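The chain contents come next:
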Amino acid sequence: MLDRIVQGAVPAKPHTALRSSDGALRYEECFTRQGFEGAFSMLYHLHRPHEAEPAALPRHFPAARPAAERSLARRHYRCLELPELAAPALECRLPLLFNDDVVIGFLRPKTADTAYFVNADADELFYVHTGGGSLKSPFGNLVFRSGDYVCVPRGTPYRFVPDGELEQAWLSIECKKDVGIPRHYRNAIGQLRMDAPYSHRDFRRPLLPEPSDDGIRGLVVKRNDAFSGFELCHSPLDVVGWDGTVYPFAFPILAFQPRVGQVHLPPTVHATFEAGGALICSFVPRPLDFHEAAIPCPYPHSSVHIDEVLFYANGAFGSRRGIAAGSLSHHPAGIPHGPHPGAYEDSLGQTHTSEVAVMLDCSAPLDATNTALTVEDADYHRSFQAE
Ligand SMILES: [Fe+2]
């Protein structure tokens, strides 16, 4: 998914013997996508990596289920009003909006995961609104901070260890059809183009420590929205080396290099990640459009194929009112949308925006869960009506 890296010891050729200094054979694990046709990594373990027994199912977050059918409307959910559960990430994730391609949720983990998690349904993308910590996986330790995206490829066994000193609030996006870098940002050999809005240097990779054992053997696997429990026979952190292009990574949203036009550019210029059925865009501080008569505020639009979701990392979003940091808005296809009353006019002459937000353009209609309804702003739809 990114450029190839190598860490620790790997043999000169794949599928050949790698031995310790005292002759012990290492066990290769090929971690492949699209069968054997796609991107891959190869890891070398102290122990056979495929040993695990069915076992009691550790506690975990729920699968997304729809609330009762209701009429189409622009919706606004206040994520920071969700109950804080004194729980690890694996248990406290709350699905809010979903379709067949994505599940958008929110979590505020308080403690380290006490079991490993494998999401076999989806690549996972987290946006760390506040907080930070470390993601532990066979690929190593990935440090993340407030304002980072954290991407975990499907199939990766991992644990989150949040920094207990920090207030944690993360947006989660399960992408069932793979998440990646938009193709048009790459050159013919897959390198990020020089005019892409980020470079390879902006991505933070896991760092592989010496093989270790945290003593944790519980494993939760999610496949087809059902959860299964396993007991690992060995620690998944027993890796002596790996190489490849598939691994968890972090990307700071403020490393995204925004585009600015003479007149307003469509939000797709802020595309950061693409997933089947969803485009994930980053709005970051930037100068605004510079034509003398430019209207910097987004024009009202009917994007007729798209359900649009916005997560607001700060409240400085010029076109919307009533939203704040932690707000999640959902503007479904079928209803034109645009700025709040007055925002279009007030934007004239503005030269800069300090907004930070994550947008998802979703191809399929999104359903809300009952959890989302508990933090819904019931007045949001009518707030677009001029008085
Ligand atoms: Fe829009």
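Our structure's up above, just so we're on the same page.
Rules used throughout
- By convention here, each chain's residues receive numbers from 1 onward along its written sequence.
- The predicted nature of this model means local features are confined to residues of pLDDT at least 70 and side-chain atom pairs, given and counted, to a pLDDT of 80 or more, with totals for whole chains, interfaces and linings taken over all residues.
- The basis for the side-chain values is all heavy atoms of the structure; hydrogens and waters are excluded.
- Ligating atoms shown are N, O and S within 2.8 Å of the metal, or 3.2 Å for Na, K and Ca, and water is not included, meaning a site may look less than complete.
- By definition, any uninterrupted DSSP run of H or I lasting at least four residues is a helix, any uninterrupted run of E lasting at least two residues is a strand, and each is numbered from the N terminus.
- The buried label applies to any residue whose accessible area, calculated with a 1.4 Å probe on protein chains only, is under 20% of its type's maximum; exposed applies above 50%, and partly exposed to all values in between.
- We define the nonpolar core as a collection of buried residues of types Ala, Val, Leu, Ile, Met, Phe, Trp, Tyr and Cys that are connected through side-chain atoms lying within 4.5 Å of one another.
- The contact definition used throughout considers only heavy atoms, calling two residues in contact when any of these lie within 4.5 Å.
- Every case where a carboxyl oxygen of Asp or Glu lies within 4 Å of a side-chain nitrogen of Lys or Arg is listed as a salt bridge.
- Think of a polar contact as two N or O atoms within 3.5 Å of one another; within protein, one of them needs to be a possible hydrogen donor and the other a possible acceptor, and neighboring residues in sequence only count if both atoms come from side chains.
- Two rings from Phe, Tyr or Trp (for Trp, the six-membered ring) form a pair when their centres are within 6.5 Å of each other. A pair whose planes differ by under 30 degrees is stacked, one over 60 is edge-to-face, and the rest are tilted.

(A) Looking closely at the coordination of the iron ion. Around the iron ion, the donor atoms from the protein are H301 (NE2), E308 (OE) and H337 (NE2), and they sit 1.9 to 2.1 Å away. Written as a sequence motif, the donor residues of the iron ion are H-x6-E-x28-H. Remark: H337 occurs in the loop between strand 24 (327–331) and helix 2 (343–346) and E308 occurs in strand 23 (residues 307–312); sequence separation between them is 29 residues. Just as E308 is buried, H337 falls in that class too.

(B) The arrangement of the nonpolar core in detail. Ranked by size, the top nonpolar core spans 69 residues in total, and within it F273, I280 and L328 carry the most contacts. The residues touching I280, leaving out its near neighbours within four places in the chain, are L125, Y149, C175, V179, H270, A271, T272, F273, A275, V358, M359 and L360. The next biggest cluster of nonpolar side chains, apart from the first, holds 22 residues, and it includes F61, A87, L142 and F160.

(C) Seen up close, the pattern of salt bridges. Applying the stated criterion to the full structure yields 26 salt bridges. The salt bridge partner of R4 is D243, with a shortest N-O separation of 2.9 Å. Of this pair, R4 sits in the segment before strand 1 (5–8) while D243 is found in strand 18 (residues 239–244), placing the two residues 239 residues apart along the sequence. E174 is the salt-bridge partner of R93, the closest N and O atoms lying 3.7 Å from each other. Linking R93 in the loop between helix 1 (89–92) and strand 6 (94–98) with E174 in strand 14 (residues 169–175), this pair joins segments that are 81 residues apart in sequence. Using a relative accessible area of 5% as the deciding quantity, one classes R93 as buried.

(D) The arrangement of the side chain of D289 in detail. For D289, the position within the fold is in the loop between strand 22 (286–287) and strand 23. Polar side-chain contacts of D289 include one of 3.5 Å to the backbone nitrogen of H264. Not counting chain neighbours up to four residues away, the residues in contact with D289 comprise V260, G261, Q262, V263, H264, A294, I295 and P296.

(E) View of the packing of aromatic side chains. Counting across every chain of the model gives 26 aromatic pairs. Here the aromatic rings of F106 and F311 are separated by 6.0 Å at their centres, their planes lie at 40 degrees, and the arrangement is tilted. Separated by 205 residues along the polypeptide, F106 in strand 7 (residues 102–107) and F311 in strand 23 bring together distant segments of the chain. Both residues of the pair, F106 and F311, belong to the buried class. An aromatic cluster is built from F106, Y127, Y149, Y185, Y198, F203, F249, F251, F256, F273 and F311, whose rings are joined through pairwise contacts.

These values are about where atoms sit, not about what they do.
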